[in-house]
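Remarks on the overall topology
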Amino acid sequence: MRGKHVSGYRLAGGVAAVALVALTSGVAAQETGKTTLYGDLRVVTQDMLLRAADDGNNFLHPQHNYAQTRFYPNRQINTTNVHQLRPAWIFQTEVVDTMEVAPIVVDGVMYVTTAFNHVYALDAETGAQIWHYKHRMGPITTYCCGPNNRGVAVAGDRVYMGTLDAKLVALDAKTGKLVWEAEVGDPELGYSETMAPIVVEDKVIIGTNGGEYGIRGFVKAFSAADGKLLWTFYTISDGDRHLGTWRETDPMGRSLNRDIAAEKKRLAEMKAAGKDDFWQRLGGGVWQTPAYDPETRRLYFVVGNPSPDLDGSNRPGDNLYTDSLVSISVDTGEYVCHYQYIPHDVWDLDAVSPPILATVKDKDGKEVKGVLHGSKLPYVFVHRADDCSLIRWSEPMVPIENLWALPTPAGTRMLPGANGGVEWSAMAIHPGLHLAYAANLHQPMTYHVESTPYPGGKLWLGGAFKVIPTEEQWGNITAVDYDTGKIRWQVRTQQPMIGGLLATAGGLVFAGEGNGWFKAYDAATGAVLWQFQLGAGVNAPASSYTVKGKQYIVVGAGGNAQLDYKRGNDIVAFTLAD
Amino acid sequence: MRKWFVVFLAVVGTGGAATAGTVEELAQTCTACHGDSRQLPTDPAFPIIAGQQFYYLYVQLRDFASGLRQNEIMQGIVAGMDKATMQAVAQYWSEQPWPTTAFPGPTAEERERAERVIASGQCSACHLGGFEGNSRVPRLRNQQPGYLEKIMLDFKFKRRMNAPDMSALFTDVAEADITALAHYLAGL
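Scope of this entry: the structure provided in the associated data block. Note that residues are indexed from 1 along each chain, following the sequence as it is written. Here every chain gets a letter starting at A, and every ligand a number starting at 1, in the order they are written. Local features in this predicted model are restricted to residues of pLDDT 70 or higher, and side-chain atom pairs are both shown and tallied only at a pLDDT of 80 or more, whereas totals for entire chains, interfaces and linings draw on every residue. Excluded from the side-chain calculation are hydrogens and water; included are all heavy atoms of the structure.

Here we come to the pairing of strand 22 (residues 390-393) of chain A. Residues and elements named next belong to chain A. For two strands to be treated as a pair, DSSP must find at least two bridges joining them. Helix and strand definitions here come from DSSP, where helices need a minimum of 4 consecutive H or I residues and strands a minimum of 2 consecutive E residues; each element is numbered from the N-terminal end. Here strand 21 (residues 380-384) pairs with strand 22 via three bridges, running antiparallel. Note that in strand 22 the partner of Phe381 across the bridge is Trp393. With antiparallel pairing between neighbouring strands as the criterion, strand 21 and strand 22 make up a hairpin whose turn holds five residues, including Cys388 at a positive phi of roughly 70°.

With that settled, the discussion passes to the packing of aromatic side chains. Residue and element names in this part refer to chain A. Here a Phe, Tyr or Trp ring, Trp counted by its six-membered ring, pairs with any other such ring whose centre lies within 6.5 Å, and the pair is stacked when the planes are under 30 degrees apart, edge-to-face when over 60, and tilted otherwise. Counting across every chain of the model gives 27 aromatic pairs over all chains. Seen in terms of ring centroids, Phe532 and Phe574 are 5.3 Å apart; in terms of plane orientation they differ by 70°. Their pairing is edge-to-face. A residue pair is termed long-range when its members are at least 10 positions apart, and Phe532 in strand 33 (residues 528-533) and Phe574 in strand 36 (residues 570-576) qualify at 42 residues. When its relative accessible area of 0% is taken as the criterion, Phe574 is described as buried. The rule for a charge over a ring is simple: NZ of Lys or CZ of Arg within 6 Å of the ring centre, and within 35 degrees of the ring normal. Above the plane of the ring of Tyr234 lies Arg216, whose end atom (NZ or CZ) is 3.9 Å from the centre. The ring of Phe218 is capped by Lys220, whose NZ or CZ atom sits 4.2 Å from the centre of that ring. Remark: exposure states derive from per-residue accessible area (1.4 Å probe, protein chains only) relative to the maximum for the residue type, with buried under 20%, exposed over 50%, and partly exposed in between.

Our next topic: helix 6 (residues 108-121) of chain B. Given a helix with a known number of residues, its expected span is that number minus one, times 1.5 Å. For helix 6 of chain B, with 14 residues, the first-to-last C-alpha span of 20 Å sits near the 20 Å given by 1.5 Å per residue. What makes two residues a contact is simply this: any of their non-hydrogen atoms within 4.5 Å. Structurally, helix 6 of chain B contributes buried residues whose contacts are with strand 27 (463-467) of chain A together with helix 9 (164-170) and helix 10 (175-186) of chain B. Once helix 6 of chain B finishes, Gln122 of chain B follows within two positions and takes phi at roughly 50°, a positive value.

Okay, the sheet that holds strand 33 of chain A next. All names here are of chain A. The strand order across the open sheet built from five strands is 1-30-31-32-33, with neighbouring strands paired in mixed fashion. This sheet does not close on itself; its edge strands, each paired only once, are strand 1 (71-72) and strand 33. In terms of strand pairing, strand 30 (residues 501-504) meets strand 31 (residues 508-512) through four bridges, oriented antiparallel. Bridge pairing in strand 31 places Leu502 opposite Phe510.

Attention now moves to helix 8 (residues 145-156) of chain B. Residues and elements named next belong to chain B. Here helix 8 contains 12 residues, and its C-alpha end-to-end distance of 16 Å stays within 8% of the 16 Å for a straight helix at 1.5 Å per residue. Helix 8 sits mainly inside the fold: nine of its 12 residues count as buried. Buried residues in helix 8 make contact with helix 3 (54-66), helix 9 and helix 10.

All names here are of chain A. Burial within strand 35 (residues 550-557) is extensive, with seven of its eight residues counted as buried. By the bridge criterion, five bridges tie strand 34 (residues 543-547) to strand 35 in an arrangement that is antiparallel. Bridge assignment links Tyr545 to a residue of strand 35, and that residue is Tyr552. A loop of two residues connects strand 34 with strand 35, the two strands running antiparallel in sequence, and Lys548 in this loop sits at a positive phi of about 50°. For strand 35 and strand 36, the ladder comprises five bridges, and the chain directions are antiparallel. In the sheet register, Val554 faces strand 36, and the bridge partner there is Ala573.

A few words on the packing of helix 3 of chain B against helix 5 (residues 83-94) of chain B. All names here are of chain B. The axes are straight lines fitted to the C-alpha atoms, using for helices just the contacting stretch, and the angles between their N-to-C directions are given from 0 to 180°. Contact geometry for helix 3 and helix 5: axes closest at 8 Å, N-to-C directions at 140°. If you check the angle between helix 3 and helix 5, you find them oblique. Here the hand of the crossing between helix 3 and helix 5 comes out right-handed. Where helix 3 abuts helix 5, its residues Phe54, Leu57, Tyr58, Leu61, Arg62 and Ala65 lie against Lys83, Met86, Gln87, Val89, Ala90, Gln91, Trp93 and Ser94. For classification purposes, angles smaller than 35 degrees are called roughly parallel, those larger than 145 roughly antiparallel, those between 65 and 115 roughly perpendicular, and all remaining angles oblique. Here is the rule for handedness: rotate from the far helix to the near one, and if that takes an anticlockwise turn smaller than a right angle the crossing is left-handed, while a clockwise turn gives right-handed.

Just geometry here; none of it tells us what the structure is for.
Pasting the structure below:
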C-alpha cells in the first residue's frame, strides 16, 4: 500500500480492511508501521496531504485526511492494551477558555490553537513549547458561540489559521512569525472565523461564520503564497436561485408546515417595493472544514442556517443553499451539486458537522463514492458524492418530538433542540466496520419567534431558543452502520456531547465529555475500555500520532462556551505505560 | 490596533473632531454620572463604563445618536459627536480599570433562579465564562445591580430596542428572576 498514489478515501478503506482482519483475529501485536515515506518531513508536501489517510506518523488535517474520516491507521494502542494508557505530558496554554482545537502533528511537531487565536508549536514527544503566536486581534469581533478556534491547516513550511476578527493568517512553521494576513470578511457585519482552513495545492480555502448576524455566507480560496483572493463561492445564490423549488417537506417527506402561499405573497410585495434584496443578509455560514476529493477535484461542505434563524417572515423561498450539503470545484469555486436538508429553516437545525467521504452502498447495494453528514436533525445522512443525492438516513440518534412545530412568540417545545443532534462536532468512521460515530446532544428547547428588522451586524436570531431548565439533558455517542442506517450501538453520556471523535485501527473510538472525562470505547461494541479525568471539559476532537515508534493520543481540555462546560487550558498527550 | 485611535486623533483629529486632549475632557463629562475607576456611578441605575468593552461602548454611543437607543440625557450628550470622537471616548473608557465593587451577592434562592435563567438563555455563549464580555458584547460581571435590573426590564418591556434578541430573550422571564439575575451578576 505504501507508495501507491490513490485518493484519501480509498486508502482509508484499505487500511481499515487490514485493521479489521487484525481485530477479528485477535492479533494485538504493536504496530506503528504506517509511516510517512515521502517528503522531507517538516515541509508538508501536497503528496503528504494527499496520502494523509495512510500516514500513521502525522496528523496533517483537522480531520486527519482530505476525506475527513478521523480514522487513524496505527494500532499500537488498541483494545487489548488501552487500559495502560497514561499521560505522557501536559501543556498549559496561556488562555483558559473554550477549546475546540484538533491538534495537527508534523514530524514530531504539534500545532494547537486556543480561544482568541493563539497558536502554539510544541514538541510532540515532550510537550515543550517551540514557539507561541498571539494574533493581534482587531477591536471589533462578532462571533457566535464563544471565542473558539478549531485548529490550523499546514502546507509547505507554513501554518494557516482563520481568526475571530475574520482574517486569514499565514505563519512560518519553524518560527511562528507572521508571513501574511488577508481579510476574509468584515467583522463589523458579523463575519468571523473559527474553522480550520484546508490547503489544496496553491490554495488555502476557508468559509465563514455569521449566520446569526445577517451575513451573506461564502467559501473563499486564497493564494497560499501571498494571501491573494482567488475565488469566492457564495452560499446564498443571487438572482432568484435562492428561492429554490418551494419544497414543503423534509428529506423523509414530513411536512415542514410552510405557508407557501404566504411566502409567495410576501415575495411579490417585496419585489413590488424593490426590497427583495434580503438574500444579501440571508446567512448561510460554513462552520467546518470542507472535505476534498482529489479524483474529481471537488470540495464538499455543509452550509448553516438562514438569517434570521427563527423568523422566516421576510425571507421567502427555500433560502438556498442554507442547511445544505454543497459540492464545488476546488479550481474555480463553481457550483457542482447540492442537497438541502431543511428548506426555509426556522429552527436553526442547520448543517454544521464536517462531511466525510467514504465508500458506501447505494440503494441497490452497489459500492459508490459517498458523503456522510451527521446532522442536528438527528440522523446520519448518506449521499452519493457524484450528484449529492440522498441515499439513506439513519435511525434517529436522539428523541424527536413535535417535529416541525412552528416557533411562536410564547415558545414552542420541539425536540431536538437547536443544538442538535450533532452540532459542529466532527464524526469519525471505521471503514472496516462500516460505522460512523456521532456525538449527540439531547437538550429540550422552546423555539420563540419575534420578528425584528436587520440590526446591522448585531445578533439577529428573530427570536430566542431557550433550554427548558426543568427537563433532563444528556448526550450519547452513536455508532451508525452507514450501509444500512441502523444504529449498531449507542452509549449515553451524563451531559450533551460536543467536541468530536477519533477512531483508530486499534479498534478504538476516543471521545471527551463536558464533565472532564476522556474515554476510549470499543469501536465494535461501545464498551468503555479506558477513561481519564482531565479536570475541565473535554470538548475538542482528539488526534493521534507516532514519534520514535510510540503512538500518542492527544486532546485539548478547555471546556466549552456554548454549553458552559468548565474551562481549562490543557493539551494532554497519552501513550502506553512502559 | 488599539493605538490606532490615539494616532488618528493626534494626526487627523482637527477641525471639530476630538483631539487627544479633548477626549479626556469629554471623559470628565461622563464621570459626573458614570464614575470612573475609583468611584461608582452617582445613581444605582447608571452603568459603570470604566473597563467596559470598547466596541460595545462605541455602538451604544452610535445608537444613542441615531435614536435606536432612547435616553434623553445620553442623546443630548452625543448630539453632534462624530464617529471618531465616539470611538475615542469608547476607547478611553475601555482602557480604564473596572472599579472595585462590593455589591452583595444573591441569596441562595436568587442564585438558583439566576442560574436557571443563565442555563436557559445560554448566556455564557455570548457574554463568556465569568461574564466579562468581549468586543461588541458587554461585561456584566460586577456591573451595578440597579442598572442591570433596569436594563433587563427595559428589554423585557421593549423599552430598549437596540438589541432585539435581548428583548426576545427576556420576554417571558419573570421580574423576580431578573432581580435575582441582577444580584447574581453584580456579585460575581
